[in-house]
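# A look at the structure
Residue-level listing of the chains:
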Amino acid sequence: MNIAVIQYNAGNIRSVAFALERLGVNYIVTDQPEEILKADKVIFPGVGEARSTMSYLKEKKLDQLIIALRQPVLGICLGMQLLCRHSEENNTPCLGVFDVSVKKFVSTPQSKVPHMGWNALTNVGDWLASSITEKQVYFVHSYYVPINPFTTATTIYTVPFSAALRKNNFYGVQFHPEKSAETGEMILKNFLHSSL
Amino acid sequence: MLTKRIIPCLDIKDGRTVKGVKFVDLRDAGDPVELAAAYAAQGADEIVLLDISATNEKRKTMAALVEKIAARINIPFTVGGGISSVEDVAPLLAAGADKVSINSSAVKHPELIDQLAKEFGSQFVVLAIDARKVGNQWIVHTHGGVVPTDRKLFSWAKEGQARGAGEILFTSMDHDGTKSGFALDPLQKLNELLSVPVIASGGAGHLFHFAEAFITGRADAALAAGVFHFGEIKIPELKLFLKSNNIPVRL
């Protein structure tokens with residue numbers, strides 16, 4: 001199996017690559033369309049700001065490429081948010097695979113923003129193994145994807161939000177599986193072993 | 001529910017862990033890679049690596065070490081010590097660090113916080129503040145808590161947040177190493193004042209000190225070094241204790 005990790009100005013590419021190495025899978029980090037197209041699976045990582053990242057993807061013509069992919073694609077954190085229709089982060093039109101709009105958390109005295117740290121997965125279904133229900137995973141984000149018909153796991157922080165999504169061959173996780181200890185590794189394995 | 005984080009801190013000099021580490025079942029307790037991996041396996045939620053040698057030459061060694069640790073551990077980690085520019089940080093990020101912590105250099109050049117937040121995002125920037133109570137005031141100290149400054153803890157923390165720090169790591173130099181518990185009053189005040197997470201540091205000696213830091217001090221995370229290195233407090237035991245006191249933790 002060949003995994004392509006999409007190379008762009010995201011902050012967590014190295015961490016994703018190391019996580020794949022620990023799982024012993026073959027991967028390449030690339031922004032070359034032909035390499036991405038021929039991969040068995042594609043990982044679209046992401047740490048950064050929505051608008052500048054979308055501009056970068058457009059400049060490299062990766063925006064059209066990503067939405068046209070047929071093999072399983074996993075968006076991580078900002079990667080998942082960019083697969084949605086729109087983000088409140090600097091009012092950014094996104095890729096539109098998931099027809100849902102990304103919102104900003106409202107900070108309260110009890111709940112600081114960003115949502116940073118380990119929080120539990122609930123309502124786990126579809127491609128995520130049910131054994132990870134109530135397990136904690138590592139989040140760092142100020143924007144969230146509301147619950148929608150594509151939600152496959154939820155987490156509560158000020159509001160319930162989508163911890164994971166899936167639509168056809170497109171998968172997304174708001175948390176960082178590459179930094180979520182054994183639970184994260186299991187989730188990455190689920191994705192790597194999933195079949196359409 | 002978002003859990004409270006337990007963070008062991010490793011002091012590193014010339015690529016080796018210092019401050020005495022007695023870790024059973026570890027071939028080389030001085031090897032930060034082995035130690036970080038052991039803490040991750042025990043259930044630490046994050047790890048902080050502090051480079052106390054931190055000269056230009058040795059920082060290159062640090063980037064190489066960060067890479068080895070990133071390859072090995074599957075939880076987030078922060079790297080600090082001697083970072084004074086955006087140029088110092090880029091190799092650490094490239095090597096796989098999740099966050100950097102800045103301290104003395106931010107006091108000297110506060111705009112460093114803005115620059116790092118702009119370049120890498122607030123989630124990447126931890127502002128570490130060492131403070132000591134002088135009279136009625138908590139005064140910020142630099143260079144390992146030795147040199148007093150004209151800055152006050154609360155206003156500096158607030159300024160750090162406004163400039164883009166994503167977390168505040170507060171060490172009470174009055175409590176550090178005493179094992180008498182964390183500085184609860186200033187922690188509580190920081191929590192009221194700030195909308196970013198606060199990490200409590202300095203003073204951990206017993207399990208209940210951590211519970212106090214979370215309940216009374218309302219800290220989001222608690223950091224310690226010696227009590228973990230010498231096995232006086234074991235992370236799994238600490239987490240079970242906290243859970244039995246209704247404090248949310250990751251088990």
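The structure under discussion appears in the preceding block.
Read on for a plain summary of the structure. (Residues numbered from 1 in each chain as written. Chains lettered and ligands numbered in written order. Predicted model: local features only at pLDDT ≥ 70, side-chain atom pairs only at ≥ 80, totals over all residues. Heavy atoms only, no water.)

## Concerning the overall build of chain A
Along chain A, the regular secondary structure elements total six helices and 13 strands. Its C-alpha atoms give chain A a radius of gyration of 15 Å, near enough to 16 Å, the size a compact globule of 196 residues would have. In terms of its C-alpha atoms, chain A occupies a principal-axis envelope of roughly 50 × 35 × 30 Å. Evaluated residue by residue, chain A yields a buried proportion of 60% over its 196 residues. Taking contacts inside chain A between residues at least 6 apart in sequence as the whole, the part at least 24 apart equals 69%. Split by element, the accessible area of chain A, about 7,500 Å² in all, is 49% carbon and sulfur. With 18 positive and 16 negative side-chain charges, chain A shows a spacing of 2 Å between the two charge centroids. (Helix = DSSP H or I, 4+ residues; strand = E, 2+ residues; numbered from the N terminus. Rg over C-alpha atoms; globule rule 2.2 N^0.38 Å. Buried < 20%, exposed > 50% of the residue type's maximum accessible area, 1.4 Å probe, protein only. Contact = heavy atoms within 4.5 Å. Areas by Shrake-Rupley, 256 points an atom, 1.4 Å probe, with all protein chains shown as cover. Lys, Arg positive; Asp, Glu negative; His and termini not counted. Charge placed at Lys NZ, Arg CZ, Asp CG, Glu CD.)

## Here's the deal with the side chain of Thr 149 of chain B
Residue and element names in this part refer to chain B. Take Thr 149: it is sitting in strand S8 (residues 147–152). One polar contact links the side chain of Thr 149 to the main-chain carbonyl oxygen of Val 140, over a distance of 2.8 Å. A polar contact is formed between the side chain of Thr 149 and the backbone nitrogen of Arg 151, at a distance of 3.1 Å. Apart from residues no more than four positions distant in its own chain, Thr 149 is found in contact with Val 107, Ile 139, Val 140, His 141 and Thr 142. (Polar contact = N/O pair within 3.5 Å; in protein donor to acceptor, adjacent residues only side chain to side chain.)

## Quick word on the interface of chain A and chain B
Tallying the contact residues gives 26 residues for chain A and 35 residues for chain B. Interface area, chain A with chain B, both sides summed: about 2,400 Å², of which 51% is carbon and sulfur. Together, Lys 112, Met 116 and Trp 118 of chain A form the three largest contributors to the area buried by chain A at its contact with chain B, with a combined 31%. At the junction of chain A with chain B, the criterion picks out three salt bridges. Note that Lys 179 of chain A is salt-bridged to Asp 98 of chain B, the shortest N-O span being 2.8 Å. Put simply, chain A and chain B have 18 residue pairs in polar contact (both at pLDDT 80 or more) between them. Elements that contribute at least two residues to the side of chain A that touches chain B include exactly helix H1 (13–22), strand S8 (115–120), strand S9 (136–141) and helix H6 (181–193) of chain A. Of the residues assigned to the side of chain A that touches chain B, the class counts are eleven nonpolar, eight polar and seven charged. (Buried area = accessible area lost by both parts, 1.4 Å probe. Salt bridge = Lys/Arg side-chain N within 4 Å of Asp/Glu carboxyl O. Nonpolar A, V, L, I, M, F, W, Y, C, P; charged D, E, K, R; others polar.)

## Regarding the environment of Thr 3 of chain B
Within the secondary structure, Thr 3 of chain B is located in the segment before strand S1 (5–13). Apart from residues no more than four positions distant in its own chain, Thr 3 of chain B is found in contact with Trp 118 and Gln 136 of chain A together with Asp 220, Pro 248, Val 249 and Arg 250 of chain B.

## Let's talk about the pairing of strand S13 (residues 170–173) of chain A
Regular strands place their side chains on alternate faces of the sheet. All names here are of chain A. Here S13 shows a buried face lined by Phe 170 and Gly 172 and a second buried face lined by Tyr 171 and Val 173. Looking at chain direction, strand S4 (residues 73–76) and S13 are connected through four bridges and run parallel. Considered in S13, the bridge of Ile 76 is made with Val 173. In the sheet, strand S12 (residues 159–167) pairs with S13 via four bridges, with the strands oriented antiparallel. (Pairing = 2+ DSSP bridges.)

## Overview of the pattern of salt bridges
Counting across every chain of the model gives 19 salt bridges over all chains. Taking the shortest distance from any N to any O, the salt bridge between Asp 220 of chain B and Lys 112 of chain A comes out at 2.6 Å. One end of the pair, Asp 220 of chain B, is in the loop between helix H8 (207–215) and strand S11 (221–224); the other, Lys 112 of chain A, is in the loop between strand S7 (98–104) and S8, on a second chain. Grouping residues by exposure puts Asp 220 of chain B and Lys 112 of chain A together as buried. Between Lys 99 of chain B and Glu 167 of chain B there is a salt bridge, with its nearest N and O atoms 2.8 Å apart. One end of the pair, Lys 99 of chain B, is in strand S5 (residues 99–102); the other, Glu 167 of chain B, is in strand S9 (residues 167–172), and 68 residues separate them in sequence. For the residue pair Lys 99 of chain B and Glu 167 of chain B, the accessibility class agrees, reading buried in each case. Connected through salt bridges with shared partners, the residues Arg 5, Glu 46, Lys 99 and Glu 167 of chain B form a single ionic network.

## Side note on unusual backbone geometry
In this chain, Val 113 of chain A is followed by Pro 114 of chain A through a cis amide linkage whose omega measures 10°. Residue placement: Pro 114 of chain A occurs in the loop between S7 and S8. Even without glycine at this site, Asn 91 of chain A takes up a positive phi of about 45°. The residue Lys 179 of chain B is not glycine, and still its phi comes out positive at about 60°. Within the secondary structure layout, Lys 179 of chain B lies in the loop between S9 and helix H7 (184–193). Taking relative accessible area as the criterion, Lys 179 of chain B reaches 38% and is therefore assigned partly exposed.

## Quick notes on the packing of helix H3 (residues 86–95) of chain B against helix H5 (residues 111–120) of chain B
All names here are of chain B. In contact at an axis separation of 10 Å, H3 and H5 are set at 35° when each is read in the N-to-C sense. Seen from above, H3 lies across H5 with right-handed handedness. Residues Val 86, Val 89, Ala 90 and Leu 93 of H3 form the contact with H5, whose own contacting residues are Leu 112, Gln 115, Leu 116, Glu 119 and Phe 120. (Axes fitted to C-alpha atoms, helices over the stretch in contact; angles between N-to-C directions. Left-handed = near helix turned anticlockwise from the far one by under 90°.)

## Quick notes on the sheet that holds strand S3 (residues 41–44) of chain A
Residue and element names in this part refer to chain A. The seven strands are arranged S2-S1-S3-S4-S13-S12-S11 in an open sheet whose pairing can be described as mixed. Unpaired on one side and paired on the other, strand S2 (26–30) and strand S11 (151–157) mark the two borders of the sheet. This sheet shows a mean twist of 25° between the axes of neighbouring strands, independent of strand direction.

## Some thoughts on the state of the cysteines
Residues and elements named next belong to chain A. Counting across every chain of the model gives zero disulfides over all chains. The thiol of Cys 84 is not disulfide-bonded; the next cysteine sulfur, from Cys 94, is found 7.3 Å away. The exposure class of Cys 84 is buried, given its relative accessible area of 0%. (Disulfide = S-S within 2.5 Å.)

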